[in-house]
Amino acid sequence: MCGIVGYIGNKEALPILVKGLRRLEYRGYDSAGVAVAHGGNIKRVRAVGKIDNLADKLQSEKVPGTFGIAHTRWATHGGVTEENAHPHSDCTGKIIVAHNGIIENYRELQHNLLVGHTFVSKTDTEILAHLIEAFYQDSVKPANTPLPPSEGGMAATGDLRTAVEKALRKVRGTYGLVVMHQDHPDTLIAARLGSPLVIGVGDHEYFVASDTSPMLAYTQQVVFLDDGELAEITPNGFQIYNLHSQRVHKQSEQIDWNESEAEKNGLPHFMLKEIFDQPTVIKDALRGRLVEDDGTAHLGGLNMGEVEMRSVNRVILIACGTASYAAMVGKYAFERLAGIPTEVEVASEFRYRDPILDNHTLVFGISQSGETADTIAALREAKRKGAFVRGVVNVIGSTIARETDGGTYIHAGPEMAVASTKAYTNMIAVLVMYALQFGRLRRVTVATGERLVKAFREISVKMEQALQTSDKVKQIVEKYQGHKNFLFLGRGVNFPVALEGSLKLKEITYIHSEAYPGGEMKHGPIALLSPEFPVVAIMTKNQLYDKMRSNIEEIRARKAPIILIATEGDEAAKELADDVIYVPPTMELLEPIINTIPLQLFAYHMAVLLGKDVDRPRNLAKSVTVE
Ligand code: AGP
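Residues numbered from 1 in each chain as written. Predicted model: local features only at pLDDT ≥ 70, side-chain atom pairs only at ≥ 80, totals over all residues. Heavy atoms only, no water.

Regarding unusual backbone geometry
Part 1: Note the cis peptide between histidine 86 and proline 87, where omega equals -5 degrees.
Part 2: Positive phi outside glycine occurs at lysine 559, with the angle close to 65 degrees.
Part 3: Tracing the chain through its elements places lysine 559 in the loop between α16 (545–557) and β26 (562–567).
Part 4: With a relative accessible area of 60%, lysine 559 lands in the exposed category. (Helix = DSSP H or I, 4+ residues; strand = E, 2+ residues; numbered from the N terminus. Buried < 20%, exposed > 50% of the residue type's maximum accessible area, 1.4 Å probe, protein only.)

Section: the site of the ligand
Part 1: The local shell around the ligand holds 14 residues, among which Ser367, Gln368, Ser369, Thr372 and Glu507 are the closest.
Part 2: Taking threonine 372, its side chain carries an N or O atom lying 2.4 Å from an oxygen atom of the ligand.
Part 3: One nitrogen or oxygen atom from the main chain of serine 420 is found 2.9 Å from an oxygen atom belonging to the ligand.
Part 4: Every element with two or more residues in the shell around the ligand is listed here: α8 (321–338) and α15 (494–509).
Part 5: Tallied by class, the residues present in the shell around the ligand amount to five nonpolar, seven polar and two charged.
Part 6: Counting contributing residues, the shell around the ligand receives three or more from each of domain 2 (282–463) and domain 3 (468–615). (Near = heavy atom within 4 Å. Polar contact = N/O pair within 3.5 Å; in protein donor to acceptor, adjacent residues only side chain to side chain. Nonpolar A, V, L, I, M, F, W, Y, C, P; charged D, E, K, R; others polar. Domains from an automatic or database assignment.)

Quick notes on helix α13 (residues 446–467)
Part 1: Between the first and last C-alpha of α13 there are 32 Å, a value that for 22 residues agrees with the 32 Å anticipated at 1.5 Å per step.
Part 2: Taking the largest bend as the criterion, α13 deviates by roughly 45 degrees, centred on isoleucine 459.
Part 3: If you check which residues of α13 are buried, you get Gly449, Leu452, Val453, Ala455, Phe456, Ile459, Ser460, Lys462, Met463, Ala466 and Leu467. (Expected span 1.5 Å × (residues − 1). Bend = angle between axes of the 7 residues up to and from the residue.)

So, the environment of leucine 177
Part 1: With respect to the element layout, leucine 177 can be found in strand β7 (residues 175–181).
Part 2: With 15 residues separating them in the primary sequence, leucine 177 and arginine 192 have C-alpha atoms 6.3 Å apart.
Part 3: Here leucine 177 is in contact with Ile4, Val97, Ala98, His99, Leu128, Val164, Leu168, Ile189, Ala190, Ala191 and Leu197, once residues within four sequence places are set aside. (Contact = heavy atoms within 4.5 Å.)

As for empty space enclosed by the protein
Part 1: What the rule picks out here adds up to four cavities of 30 Å³ or more.
Part 2: Reported here for the largest cavity is a volume of approximately 220 Å³.
Part 3: Looking at the largest cavity, it is lined by 24 residues, and the ones nearest its centre are Tyr26, Ser210, Asp211, Ser369 and Val395.
Part 4: Each residue belonging to the lining of the largest cavity can be placed in one class, and the counts come to ten nonpolar, eight polar and six charged. (1 Å grid on protein atoms, 1.4 Å probe; cavity = no way out; pocket = protein on both sides within 12 Å on 5 of 7 lines; lining within 4 Å. Points joined across faces, edges and corners; volume = space filled by probe spheres on them.)

So, the nonpolar core
Part 1: With 130 residues, the main nonpolar core has Val34, Phe364, Ile366, Phe438 and Phe602 as its most contacted residues.
Part 2: Examining the composition of this core, we find that 13 residues originate from one element, helix α12 (residues 422–440), more than from any other.
Part 3: One finds Ile95, Leu131, Tyr175 and Val179 within the second-largest nonpolar core, a separate group that totals 27 residues. (Core = buried A, V, L, I, M, F, W, Y, C linked by side-chain atoms within 4.5 Å.)

Some points on the side chain of histidine 269
Part 1: Within the secondary structure, histidine 269 is located in the loop between β15 (253–254) and α6 (270–286).
Part 2: Apart from residues no more than four positions distant in its own chain, histidine 269 is found in contact with Lys264, Tyr604, Val608, Val614 and Asp615.

With respect to the packing of α12 against α13
Part 1: Here α12 crosses α13 at 170 degrees, and the two axes come no closer than 10 Å. Between α12 and α13, the angle is such that the two are roughly antiparallel. Note on element contacts: α13 touches α12 through Val446, Gly449, Leu452, Val453, Phe456 and Met463, opposite Thr425, Ala429, Val432, Met433, Leu436 and Arg440.
Part 2: When its residues are assigned to classes, the contact of α12 with α13 shows nine nonpolar, two polar and one charged. (Axes fitted to C-alpha atoms, helices over the stretch in contact; angles between N-to-C directions. Parallel < 35°, antiparallel > 145°, perpendicular 65-115°, else oblique.)

What to know about the sheet that holds strand β25 (residues 535–539)
Part 1: Ordered in space as β24-β23-β25-β26-β27, the five strands form an open sheet in which the pairing is parallel. Because the sheet does not close on itself, it has two edges, and the strands there are β24 (512–517) and β27 (579–583). Mean inter-strand twist for the sheet, computed between neighbouring axes without regard to direction, equals 20 degrees.
Part 2: Pairing geometry for strand β23 (residues 485–490) and β24, over six bridges, is parallel. Within β24, the position partnered with phenylalanine 486 by the bridge is serine 513.
Part 3: Strands β23, β25 and β26 of the sheet are contacted by α16, whose axis makes an angle of about 160 degrees with β25. (Pairing = 2+ DSSP bridges.)

Considerations on the layout of surface pockets
Part 1: If you add up the space inside the largest pocket, you get close to 580 Å³.
Part 2: As for the largest pocket, its lining consists of 32 residues, and the residues nearest its centre are Cys320, Gly321, Thr322, Lys622 and Val624.
Part 3: Counting residues per element, the ones that place at least two in the lining of the largest pocket are α8, β20 (361–367), α10 (373–384) and α15.
Part 4: The dominant element in the lining of the largest pocket, judged by the number of residues it contributes, is α8, at four residues.
Part 5: Looking at which domains feed residues into the lining of the largest pocket, each of domain 2 (282–463) and domain 3 (468–615) supplies at least three.

So this is what it looks like as structure tokens:
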């Protein structure tokens, strides 16, 4: 939540910062701001609302300079106002900070340490600017306690890095932070604890951002900061320290994402582009991981030998939101293929229980961003308790990727829309491959394994076919656009599909929807049904087809409109439903990869028809880095 960009180099900073903010807008879009240093001054411009509002405001302002920072906000402390928008400054206006995270003890610091300082915002972040101010002042005139506000201008003789370091040692909470000082126009300070920060290494130019997307147009050489690290960056290089001024030596690494992957490529929305990316990126998830001859999969990053793999007697899949629905499909796969009892845990619940784990438990953290605070905390807890902890992650170099003892990148490429689509289908692919890999060491025969490998090989083409339902889905959406409620139903592997279809609809259209397993209807939810309450049900040809069909009959008897996702050639579906969307058949465990596609399109077309902001739905941010 919240996106940070910083630039120091030889180019005009403003266009780089604004373009970078647009890349990070998915992380928050309540308000935005930039600060650029030039000729001994810092110009700061902020605006409430989306980046476009800031860009409009900047049109009438001259903001030259080759050094600056910028921020797009998802409000935590303090309402959505210009005063609360970042970057924030100290009393003198010389120290400017942009922050992602939460400073938990800001009130305490304000009352105990910063008496006399003038605060102009209601944010927790502003405390950082004043703390740095106080320690900076202290470094100019040693032994000045308690920490006073600056009187008049400050000389450029202070030690900015040490001042930031001392300030950070006082705070409790989380931060991704960039700091600039008017009197140090060649120095950018960046620091991280709990909120991601990446340094991009160019040719005499450096970038800092919450993820790599703002820098992909300029460099693919990056350094991921770890928690407790602080970087001092100048146009000539950077040095990394811990919070006790000790040097930390890190090499930059090459990332293989490129800028065009983070573009809409002519389509009106990132979400649509990402839905249509799915047949391509699933090939990236599968590449090099399927072993035809042995009817298995091999995910090398697991970092477990066969003896360890055989010792696992329980799997726990930890995730939030859409990732947790992918995890539910993973549970079916692990239990069916590997015969290992598997649980899905919502991370925010898991972290506050006292989970019973041991060294025979394998825990996977599943996350697109790899930065979801609850998932990270849950995985740390699992590690503490001695379980094997692995990641299934999209964002390269993200916290979960770095903190787990192995795991797999899902290779979905940058996902920019807040509503997750291609990451979900690639997560399922990876989890089913893991289940196959474990299953082949236990009870899956080579013949069954080969059938699944073959189904994987065909999945991309079938996803293309499922995408061809888009026009049909749009027509159905037009028919149902006035409805205020929807019920999604599925059974077995298609129950998570129903949950995901319902979440997508809620997230981007704000229409109320519920999702239930088909068999659970008669235990309560059936009371909701009426001609005004349409049901979207997944009734593809699998082992639960007849059961699902009976559930649909029950709905028909209550006269609720029925939209069915059915397998191509199933004529009976037409008799049962008001509308049918046909999808190609595949092996049952892979059905969610196909069957979710029309539901993603359903939510997308509905949101467009209702004039909603598809890529940036209200109140949401893509990466939930706070509790
Ligand atoms: C998906 O559409 C949502 N925006 C949300 O549920 C998301 O899946 C969840 O916050 C988990 O994010 P992660 O995969 O980055 O951990």
